[in-house]
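# Inside the fold
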Amino acid sequence: MWAGRRVVLGVSGGIACYKSCTIARRLTEAGAQVDVILTRGAAEFVGRPTFEALTGRPVIGSLWEPGTALSHVRLGQDAALVLVAPATAHLIARMTQGVADDFLTTLLLAATSPVLLAPAMNDEMYAHPQTQANLTRLRARGVNVVGPETGALAEGPSERPGRMSEPETILAHAARAGRTKGPLAGRRVVVSAGPTRESIDPIRVVTNRSSGKMGYRVAEAAWERGADVVLIAGPTALPPPVGVRVLRVETTKQLEESVRTELSGADVLVMAAAPADFRPSEPSNQKRARSDGVLTMAMEPTDDILSATRAQRRPGSIMVGFALETGDALAKGRAKLERKELDLIVINDALEPGAGFDVDTNRVVLLDRQGAERVLPLQSKREVAEAILDAVERALDR
Ligand code: CTP
């Protein structure tokens, strides 16, 4: 989303400045044109050459530099986003009061682009009623705020917030704040991801090779598009996506219950989970000993969640399913779209290199109810997630 777009990165003077270097780097790598503005305090912590090398652009440190005469106004109006990280207590106080006594605060006073602050300060400063009141006022004016979080501060460990959020968290909030609002903004999106597990005995389970990566990337991308996202996740070791509410489930039955509950408020369901299709009919409550010899186990089918929860769908909501097949994927996927009454199905072949379970890439075909078929190239699961959400947005628009 950043390719060819402008971002202003304002840096005020706190030790968290060292993390701003990573933010500048990541945005530049993502294709953004990043204009870094340092306050006097920030320049004491990290020098201009560092940011100039990271962004490949001149860094602004004062209103009186030659060539910057009007840029204090223009930069905050042309940018996709004005991000201030770290935003110190002092910067936040000046911004609340409309003080314009250096380049960054002058730009902020004239800014019409979306603004995101990442506060960082001592925990007492953050807890101070004046700082809290300042942030409340800024939020009421439409300023976005990420963090601060609890964790180690420069003065030592603290149980209270003050520490600036990590760059990856700030970047996810930046993507959400800097994106032009589309049909998914403000919508309720439910995503299921990962495998399920069915007990054989208290120790052993039946499961499958799903990693959950595809569903996690869809949840992350939907949140960045402004949606309110619930991720119903089977057992996976993946870190929770920023901003997303995660509900943990283990069995297909639990997944079904969560889908049923969440579906009634959902505008979109993306069913990326790979629920176990069979479970042991009579799981043992004692560990089965190896000395018992050959194990023969009866398995019973689980419910098909998409079909079993059909009655909970809201009129006009968009249902997306997946079909991971081995051979003749397109025909099988088309049949599943019909049988499960879906708006869109994401079809892939598990045997194709770079596609399917546990890899970071996928090669899929998107098929919608109108019969439109889109063959996508091999790409990252995040890119596939974006393509799926583009198709969901088109369906919401119809
Ligand atoms: N699915 C579901 N409930 C299940 C199994 C699958 O809702 N018990 C959903 C999956 O999340 C996916 C879609 O149905 O979005 C297709 O899953 P898949 O395993 O390919 O389909 P099955 O219905 O299991 O069909 P089959 O095993 O016969 O290919």
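Residues numbered from 1 in each chain as written. Predicted model: local features only at pLDDT ≥ 70, side-chain atom pairs only at ≥ 80, totals over all residues. Heavy atoms only, no water.

We now examine the overall build of the protein chain. Within the protein chain one finds 14 helices and 19 strands. Summarising its shape, the C-alpha atoms of the protein chain cover approximately 80 × 50 × 40 Å along the three principal directions. When the 398 residues of the protein chain are sorted by exposure, 49% land in the buried category. Counted over contacts in the protein chain with a minimum sequence separation of 6, partners at least 24 positions apart contribute 67%. In the protein chain, 49 side chains carry a positive charge and 47 a negative one; their mean positions are 1 Å apart. (Helix = DSSP H or I, 4+ residues; strand = E, 2+ residues; numbered from the N terminus. Buried < 20%, exposed > 50% of the residue type's maximum accessible area, 1.4 Å probe, protein only. Contact = heavy atoms within 4.5 Å. Lys, Arg positive; Asp, Glu negative; His and termini not counted. Charge placed at Lys NZ, Arg CZ, Asp CG, Glu CD.)

Contacts to the ligand come from 16 residues, most closely from Met271, Ala273, Phe322, Lys336 and Lys340. In the model, an oxygen atom of the ligand is placed 3.0 Å from a nitrogen or oxygen of the Asp277 side chain. Within the backbone of Leu306, one N or O atom sits 3.0 Å away from an oxygen atom of the ligand. Look at the ligand: alone it shows 570 Å² of surface, and the protein chains cover 76% of it. Secondary structure elements with two or more residues in the shell around the ligand: helix H12 (305-308), strand S14 (318-325) and helix H13 (329-339). With four residues, S14 is the largest single contributor of residues to the shell around the ligand. Looking at the shell around the ligand residue by residue, the class counts come to eight nonpolar, two polar and six charged. (Near = heavy atom within 4 Å. Polar contact = N/O pair within 3.5 Å; in protein donor to acceptor, adjacent residues only side chain to side chain. Areas by Shrake-Rupley, 256 points an atom, 1.4 Å probe, with all protein chains shown as cover. Nonpolar A, V, L, I, M, F, W, Y, C, P; charged D, E, K, R; others polar.)

All right, on to the environment of Pro235 then. Within the secondary structure layout, Pro235 lies in the loop between strand S9 (228-233) and strand S10 (245-248). The class of Pro235 is partly exposed, set by a relative accessible area of 22%. When the C-alpha atoms of Pro235 and Thr207 are compared, they prove to be 9.6 Å apart, with 28 residues separating the residues in sequence. Apart from residues no more than four positions distant in its own chain, Pro235 is found in contact with Pro195, Thr196, Arg197, Val249 and Glu250.

All right, on to the domain arrangement of the protein chain then. What the domain assignment lists for the protein chain is domain 1 (6-178) and domain 2 (188-397). A C-alpha centroid distance of 39 Å is found between domain 1 and domain 2. Contacts between domain 1 and domain 2 engage five residues on the former and five residues on the latter. Roughly 520 Å² of surface becomes buried between domain 1 and domain 2 when both sides are summed, with 62% attributable to carbon and sulfur atoms. For the pair domain 1 and domain 2, the number of links is zero salt bridges. Put simply, domain 1 and domain 2 have two residue pairs in polar contact (both at pLDDT 80 or more) between them. Its residues assigned to classes, the side of domain 1 that touches domain 2 shows two nonpolar, two polar and one charged. (Domains from an automatic or database assignment. Buried area = accessible area lost by both parts, 1.4 Å probe. Salt bridge = Lys/Arg side-chain N within 4 Å of Asp/Glu carboxyl O.)

With that settled, consider a nonpolar patch on the surface. A cluster of nonpolar side chains, namely Ile15, Tyr18 and Phe45, defines an oily patch on the protein surface of about 330 Å² accessible area. In this structure, Phe45 sits in helix H2 (residues 40-45). (Patch = residues over 30% accessible without salt bridge, like charges linked within 9 Å, V, L, I, M, F, W, Y side chains within 5 Å.)

Glancing now at the pairing of S9. For S9, the buried fraction is high: five of the six residues fall into the buried class. The pairing of S9 with S10 spans four bridges and is parallel. Considered in S10, the bridge of Val230 is made with Arg245. (Pairing = 2+ DSSP bridges.)

Further remarks concern the sheet that holds S9. The strand order across the open sheet built from eight strands is S10-S9-S6-S11-S14-S15-S17-S18, with neighbouring strands paired in mixed fashion. For this open sheet the edge positions go to S10 and strand S18 (373-375), each flanked by a neighbour on one side alone. In this sheet, adjacent strand axes meet at a mean angle of 15° when their direction is disregarded. In the sheet, strand S15 (residues 344-349) pairs with strand S17 (residues 365-368) via four bridges, with the strands oriented antiparallel. Residue Leu344 lies in a different strand from S17, and its bridge partner there is Asp368. Where H13 meets the sheet, its contacts fall on S14, S15, S17 and S18, and the angle it forms with S15 comes to roughly 155°. Across the sheet, helix H14 (residues 381-397) lies against strand S11 (268-271), S14, S15, S17 and S18, angled at about 145° from S14, the strand it touches most. (Axes fitted to C-alpha atoms, helices over the stretch in contact; angles between N-to-C directions.)

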